[in-house]
Structure formats: structure tokens, C-alpha cells
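These are the residues of each chain, in order.
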Amino acid sequence: MATFLYRLGRFSFRRRHIVAFIWVALLTLAGVGAASAPTPGTTSFSIPGTEAQKAFDLLEERFPGMSADGATARVVFKAPAGEKMTDAENKATVRETVRELADGSEVAAVADPYQARSVSRDGTVAYAQVTYKVSGMELKDTTKEALEGAAEDARDAGLTVEIGGDALQAVPHTGSSEIIGIAVAAVVLVITFGSLLAAGLPLLTAIIGVGIGVATITALASPLDLGSTTSTLATMIGLAVGIDYALFIVSRYRAELAEGRDREEAAGRAVGTAGSAVVFAGLTVVIALVGLSVVNIPMLTKMGIAAAGTVAIAVLIALTMIPALLGYAGRRVRPTGEKSKLLGGGRTPKKPARPNMGTRWASFVVRRPVAVLLLGILGLGAAAVPAASLELGLPDDGSQPTSTTQRRAYDLLSEGFGPGFNGPLMVVVDGKDSANPQTLFTDVADEVKGLDNVVTVTPPAPNKAGDTATITVIPDAKPSSATTEELVHAIRDTGADLTAGKDGQVLVTGATAMNIDVSQKLNDALLPYLALVVGLAFLLLIVVFRSILVPLKAALGFLLSVLAALGAVVAVFQWGWLSGLMGVEETGPVMSMMPIFMVGVVFGLAMDYEVFLVTRMREAYVHGEKPGQAIVTGFKHGARVVTAAAVIMMAVFAGFIGSSESMVKMIGFGLAIAVFFDAFVVRMAIVPAVLALLGKKAWWLPKWLDRALPNVDVEGEGLRTGTDGRKDPDEDRELVRV
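Computed from a predicted structure; not experimentally measured. (Residues numbered from 1 in each chain as written. Predicted model: local features only at pLDDT ≥ 70, side-chain atom pairs only at ≥ 80, totals over all residues. Heavy atoms only, no water.)

A.B. asks: Go over the overall build of the protein chain, please, and point to the residues and values.
C.D. replies: Looking only at helices and strands, the protein chain features 23 helices and 11 strands. Expressed as a percentage of the 738 residues in the protein chain, the buried residues total 55%. Taking all contacts inside the protein chain whose residues are at least 6 apart in sequence as the whole, residues at least 24 apart take part in 79%. Just so you have it, the protein chain exposes about 30900 Å², and 59% of that area is on carbon and sulfur atoms. (Helix = DSSP H or I, 4+ residues; strand = E, 2+ residues; numbered from the N terminus. Buried < 20%, exposed > 50% of the residue type's maximum accessible area, 1.4 Å probe, protein only. Contact = heavy atoms within 4.5 Å. Areas by Shrake-Rupley, 256 points an atom, 1.4 Å probe, with all protein chains shown as cover.)

Structure representation (C-alpha cells):
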């Protein structure tokens, strides 16, 4: 592989005009596709195999005009102080608002509060339920404007009016903090390279890669049913890995220049060595992201595949466009140790050069491996303690900022009717094959009324055929509470008991039940997913490092990082520690997909640093250095760059903490803190300590396995002699097996 990539690097350097043209053409083509693509339609959220999804499908079949998956809006009214919603004037205002709401081509139905009995007991709060024929993402702007206009007219009449539901669903924005993250990355690159031009190359290529990826996602959003969160995730991961991969190749190029090689040869060797590490690091990220498909949640699968595609583009750009741009830059990209004149280069040093920080740190760790190992494990263990209190759920309007009308509507409903009104449960009773469907409907309603934590049960509402009915159940607790989850399971158990031995079925659905089913499905998939991703990456790392213990150590270190990061997420988003600093206005359960998402993404990113840092150590070991000295050499050449890469990745992820979407905010924080733990505690402290304790055993591989594995030559040993990278393959294998 190293020889192939070496030739690719030299080709890209020599034929830079062709390479640059191809990437610019791809960016232009993707941009044109995105600009001409139709507006994305509905982003379906189907969860195959869950009871809630089965109920939705049954409703679509038996209640064709019900618009079960259509958008909803709850227009909540509150009377002025000292008045009630039943007063004649307020009643007239509400009914006029209902008439306005019903006047729309996309409106399926509007429930009058006074006919539907949706007025609170004290008479101060009422709400009108609006159901639409299409989903929230498909609603026309004119429909949303009409909804807001009707609410504003009622406000002008003196009522307090807020709107809940998903009808006003907006595309999340990340705010200016994303730009700040990129700015921090730029500063780190300038400090690392000592050159504005060299620092600009990784940023430029990462932006081009993300541009191609996101534009392609936008162009395919409508036919592939991709949501707005998909492009956000692709941007987040694509920027981080794109900058990092380019950073490693530019850094290696400067190191090759410092050894006296000409620029084309340096570009080829940089791609042949650091580029090999980039390929395998990128493969681990792609495996982790594509592996999300095992969860069998279509939305999550699409997010993972789209982000994996962006990572693949980042790898290809790093291998081809970086050497092309280095060819354009010429002498303006200087060897390692030289700075541009603008940043203080060209001065004669007053003191002799001392070992860099990476060398000094690695030497300390090699001398005190036990102390460093224990301190690192205890520190991560302490950070992981809050993870024992992890509660999972999916965000609802109660997690929205208090500045939004959705959150204010949520609070008004809780005030007037109780928190359970924000998460009604829909019980679907299928009596098509029952001898007496009406009796079955009544029995189910009566049994549900007798359950604990139930406030209201509406009479069964059968369809025209009379073979299926819906029953609305209002819980006593808020939608995301454990009490409501227990009630959902209790209703399902009761329905199973009632229909045992009979021809009938009782299903529970609605947004709250769907969230509960999603959480359960994600929990059930976590261990199989972990086994698949870690297992495949473990095999890949055995090929890369030709060792059993090094990949095993990498996997165990990753588990420590993830547990510590989950502990930090629980502390901030569930317990409320530093919540004000992070912009978390409402604490609550951690998003259900967070653990499995962090396992996938963090594992891929963690292996980046493992590959980049440890391949340098193995390269030194293969070249004849003792194990302890190889660790120091690896840190001498790699620690500064890995540190810069980690800081950049943290800055990019932290930029998404400013998002208006709670899910994106939590993902940004979780990934940023996970990179911190993994890069600076696991890879910089625990890894060298373990390798120092293992010595030569770290690089042990059974002879039979050594013969069976392909020789991928990640260290670039085949490039040591000759300018074309050719060498006796038998000699290469003997050197790799040292």
C-alpha cells in the first residue's frame, strides 16, 4: 500500500493542475445539484418492528383520512388575570381563531376547545388541536404563517397564545460558535506549522471536502429522504477528520523536507507513510458509521452512511489534493522547524535546541509507567461515575429553550391540565377478527381506566367499518418520565391479557410511545453493535500493527474514553452541572441514541490517534530501536501533531454546542469531551505506559498469523531505499517481522 500511495502522491504533485481541476469540478457539480434539487419533503421516522410503528401502519390502513403521521399543532390559550376562557368575549375570540385555523388546504381537522372539552378545570387555559394532512417538514410556509397569524390575532384580543407540536418545526442552526471552532482550528494550525500557508492547506481541503459531501447530501435529500440533522452530522465529522487527515500529511511532508528530500519525493513519501495511516484511520471511522445500520432505524442508518461518505471524501482529498496544493505552494511550505519570516522565522536561536515536549513527556512516562497508568485509569473512572445514573429518553417540547413558543405552550398545558397532556397515548384496538368488536373496545377502555397514573381515558372512537377503535389516554406524568414509560408497558400488558385466546390486538402508539420504543431498540442494539464495530476494527488493527496486544489495548482504552464521556454528558445534561455555561436550559434524560452514537463515532476517531501515534512507534521499532526508545521516538515525531489534531477536533465539535437543536448540542459536547479524554488521557498517557510495561511483548504476533496476514506496509518500510519506492519484498517482510 505504501508504494501505491507513494506513487499517487508523486503523481498528484506532478499533475497538480489535473487533480485540482477534478476536485473543483466535483465541488461545482455537487453545488449545482444541491442548488437545483427540489425542496426536501417529509423526513419519515419509521421504526420497523416496534409496536408503535405497527399501530401507525394500522391507523393508515383502517383510518385513511386520519392523517396519523401528519403534523399537529396545539394552540394553547390563557385568559388574562381575573378572567376565564369560558367568558363570552374570550369564547368568541377562541371560536374565531378556530375558524381561521380551519381555513387552509393542508388542514385536516381543528378541534373546538369547547366541543372537545379541552378547557382546564379552573377555566383559565384551553387548547385547540390542529391536525394537518402532511408532515411538519412538508407544510408550506403559507400554512405556517396562517397558523402564526391566527395566534397573533388572538393575542391582539388580549389572550396569551402559544403554539406547541411539530407544525412549526424548524431546521436547527448552529450559531456563530461553529465559526469560532474553525477559527480556533486555524490558530492551532498556524502555531503547529509556523506558517500561514501551511496552516491554510488543511482548512482549505477540509472545507472543499465538506462542501462536496454536504452539497451531495442536499442534492439527494429528497429522493433518499435525508433529514437536516444528516448534513449537520456530516459537517461536524467531515470538518474534524478532514482537517486532521490533511494535517498529518502536511506535517509528514515538512518532516521529509527537513531530511533533505526534494519536494516531489517528500510529497510522495508523506502520502506513502502518513497517507497509509490516514487510509486505515478513515476505514475505522467508516466502519463505525456504516455499522449504525445494525440498529435498524432508517434515519440513523442514513445519517451514518452519509457521514461515512463525507469521511471517505476527506481521505481521498488528503491523499490527492494535499500533494497537489503542496506542488502549487512550492518553497513557501518550509521544512519542520522552520517558520515563515512573518512568524519569526530566519532568526538565529540563542540557545541550543532542547528536546520537544513530546520527547520529554514520553521519557517521563517510560520511567514511571505504573504511576501514569494508575492515575489515568483512576481519573477516567472518576469521570465515568455519573454514567451509572444514566437515564435515556428522546427530547420533546419540554427540552426546548424557554424562549420558544413550543416550550411556553408545553408549560401552559402542564399548568392547566397537568404534565401528561403534553404526551397523550393513543391506544389502537384491532377487533377486525373479533366476534364482538364493540365489547372489546369497551373492555379495553374500562381496564385502562383502572391503571395507576392515568388521568383521563376518552371513549373508544371506532372507524367507519367498526372493526378498529382509538382510545386516547392522558398520563399523570410528563412524557419523558419513567412513570409514563411504566404506564405504556402496563397498557400493553393489560391489552395482551384481554386478547389472550381471542381474535383481537391492542397496540399503544403516539409520539411518547414511539420514543419509548426507540429507546428500547437502541438499548437492545448497543451490545451487538459494539461487538460488530470493535471486532471489525480489531481485525483491521491487527493487520496494521501486526500485533495482538496493541489492538486489544486500543479497544480497552476506547471503552474507558466512552464511559468517561458519557459520565460527563450525564453530569451536564441530566444533573445540570455547568448547564448554564453550555446553554442547557432544561435538564432531563440523555438522548436515547447518544450511547450507541458515541460508541460508533468516538471509536472511529479514537482509532485515528491510535493509528497515527502508534504507527510512528512501530516504524521506529521496525527500524531497530528498543521498545522504550521507540515510544520516545514516536512521541518526538507524532505528539505535537496528534495534540494539534485533537485540539482542532475538539474545537470543531465544541462549535456545535451553540446549536438550537438539543440533540446536536448534546452530540457536540459529548464528542468534544470524548476526544479530550481519548487523546490526552488514553493515547498520550495510558497507551505509552502500557507499551512501556509490555516491552517487546507488545509487538508479539503468532508466526502462523504473521504468515497469513497481508503485508500492508503502513510504516512505509518499502520506501526506505530507492527513489521509486521499490525494494526486495522478501527483505521487507523480514524487517516487518522484527
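A.B. asks: With reference to specific residues and values, describe the packing of aromatic side chains.
C.D. replies: Applying the stated criterion across every chain yields a total of nine aromatic pairs. Ring geometry for Trp-575 and Trp-577: centres 5.3 Å apart, planes at 65°, overall edge-to-face. Judged by its relative accessible area of 36%, Trp-575 is partly exposed. Counting every residue linked through ring pairs, the aromatic cluster contains Tyr-127, Phe-417 and Phe-421. Between the NZ or CZ atom of Arg-16 and the centre of the ring of Phe-13, over which it lies, the distance is 5.4 Å. We note Lys-91 situated over the ring of Tyr-114; from NZ or CZ to the ring centre the distance is 5.1 Å. (Phe/Tyr/Trp six-rings, centres within 6.5 Å; stacked < 30°, edge-to-face > 60°. Lys NZ or Arg CZ within 6 Å of the ring centre and 35° of its normal.)

A.B. asks: Can you lay out unusual backbone geometry for me, pointing to particular residues and giving the numbers?
C.D. replies: We note that Arg-117 has phi near 60°; this positive angle belongs to a residue other than glycine. Inspection of the secondary structure assignment puts Arg-117 in the loop between strand S2 (107-111) and strand S3 (125-132). Given the relative accessible area of 77%, Arg-117 is considered exposed. With phi around 65°, Asn-453 is a residue other than glycine that occupies positive phi space.

A.B. asks: An account of helix H14 (residues 437-449) is needed here, citing residue identities and associated values.
C.D. replies: Here H14 spans 19 Å end to end across 13 residues, near enough to the 18 Å set by a 1.5 Å rise per residue. At its buried positions, H14 is contacted by strand S6 (425-430), strand S7 (454-457), strand S8 (461-462), strand S9 (468-475), helix H15 (482-498) and strand S10 (505-509). (Expected span 1.5 Å × (residues − 1).)

A.B. asks: Now, about the sheet that holds strand S1 (residues 72-78): what can you tell me, with residues and values included?
C.D. replies: Read across the sheet, four strands follow the order S2-S3-S1-S4 without closing on themselves; strand pairing throughout is antiparallel. At either end of the open sheet lies a strand with only one pairing partner, and these are S2 and strand S4 (160-165). Between one strand and the next, the sheet's axes are offset by a mean angle of 20°, whatever the strand orientation. Bridging between S1 and S3 involves seven bridges; their strand directions are antiparallel. When the sheet's bridge partners are listed, Val-75 is paired in S3 with Ala-128. Docked against the sheet, helix H4 (residues 88-102) engages S1, S2 and S3, running at close to 170° with respect to S2. Here helix H13 (residues 405-417) sits on the sheet in contact with S1, S3 and S4, set at roughly 105° to S4. (Pairing = 2+ DSSP bridges. Axes fitted to C-alpha atoms, helices over the stretch in contact; angles between N-to-C directions.)

A.B. asks: Run through the pattern of salt bridges, naming residues and quoting values.
C.D. replies: Enumeration according to the criterion identifies 22 salt bridges in this entry. Its salt-bridge partner being Arg-62, residue Asp-430 comes within 2.8 Å of it at the nearest N-O pair. Pair noted here: Asp-430 is in strand S6 and Arg-62 is in helix H3 (residues 51-62), with a separation of 368 residues, a long-range link. Take Asp-430 and Arg-62: they sit in the same class, and that class is buried. With a shortest N-O distance of 3.0 Å, Arg-408 and Glu-162 are connected by a salt bridge. Here Arg-408, found in helix H13, pairs with Glu-162, found in strand S4; they are 246 residues apart in sequence, far enough to count as distant. You can call Arg-408 partly exposed: its relative accessible area is 34%. A single network of salt bridges, built from pairs that share partners, joins Arg-10, Arg-14, Glu-264, Glu-265 and Arg-269. (Salt bridge = Lys/Arg side-chain N within 4 Å of Asp/Glu carboxyl O.)

A.B. asks: Please give an account of empty space enclosed by the protein that cites residues and values.
C.D. replies: Summary: where empty space remains is shown by rolling a probe the size of a single water molecule over the atoms. This structure, assessed with the given rule, holds four cavities of 30 Å³ or more. The space that makes up the second largest cavity amounts to roughly 40 Å³. Among the elements that take part in the lining of the second largest cavity, helix H20 (residues 627-654) stands out by supplying three residues, more than any other. A per-class count over the lining of the second largest cavity returns seven nonpolar, one polar and no charged. (1 Å grid on protein atoms, 1.4 Å probe; cavity = no way out; pocket = protein on both sides within 12 Å on 5 of 7 lines; lining within 4 Å. Points joined across faces, edges and corners; volume = space filled by probe spheres on them. Nonpolar A, V, L, I, M, F, W, Y, C, P; charged D, E, K, R; others polar.)

A.B. asks: I'd love a proper account of the nonpolar core, names of residues and values included.
C.D. replies: Counting 170 residues, the largest nonpolar core has Tyr-245, Ile-249, Tyr-253, Phe-558, Phe-653 and Phe-669 as its most contacted members. Residue contributions to this core peak at 21 residues, all from helix H21 (residues 662-694). Apart from the residues within four sequence positions on either side, Phe-558 is in contact with Leu-530, Val-534, Val-599, Val-602, Phe-603, Met-607, Asp-678 and Arg-683. Counting 25 residues, the second-largest nonpolar core is a separate cluster that includes Leu-139, Ala-151, Leu-159 and Ile-163. (Core = buried A, V, L, I, M, F, W, Y, C linked by side-chain atoms within 4.5 Å.)

A.B. asks: So, the side chain of Thr-320: which residues are in play, and what are the values?
C.D. replies: Checked against the element boundaries, Thr-320 lands in helix H10 (residues 298-329). A polar contact of 2.9 Å, which involves the side chain of Thr-320, links it to the side chain of Trp-23. Dropping the residues within four chain positions of it, Thr-320 is found in contact with Leu-8, Ser-12, Val-19 and Trp-23. (Polar contact = N/O pair within 3.5 Å; in protein donor to acceptor, adjacent residues only side chain to side chain.)

A.B. asks: Residue-level account of the confidence of the model for the protein chain, with values.
C.D. replies: Summarising the model, the protein chain shows a mean pLDDT of 83, and 89% of its residues fall at 70 or more. Taken element by element, the protein chain is modelled with least confidence in helix H23 (residues 729-736), mean pLDDT 37, and with most confidence in helix H12 (residues 369-384), mean pLDDT 94. (pLDDT = per-residue confidence, 0-100.)

A.B. asks: Quick one: what's the story with the environment of Met-303, residue by residue and with numbers?
C.D. replies: Tracing the sequence through the fold places Met-303 in helix H10. Taking the relative accessible area as the measure of exposure, Met-303 reaches 1% and is therefore buried. Residues Met-303 and Val-290 lie 13 residues apart in sequence; the distance between their C-alpha atoms is 8.9 Å.

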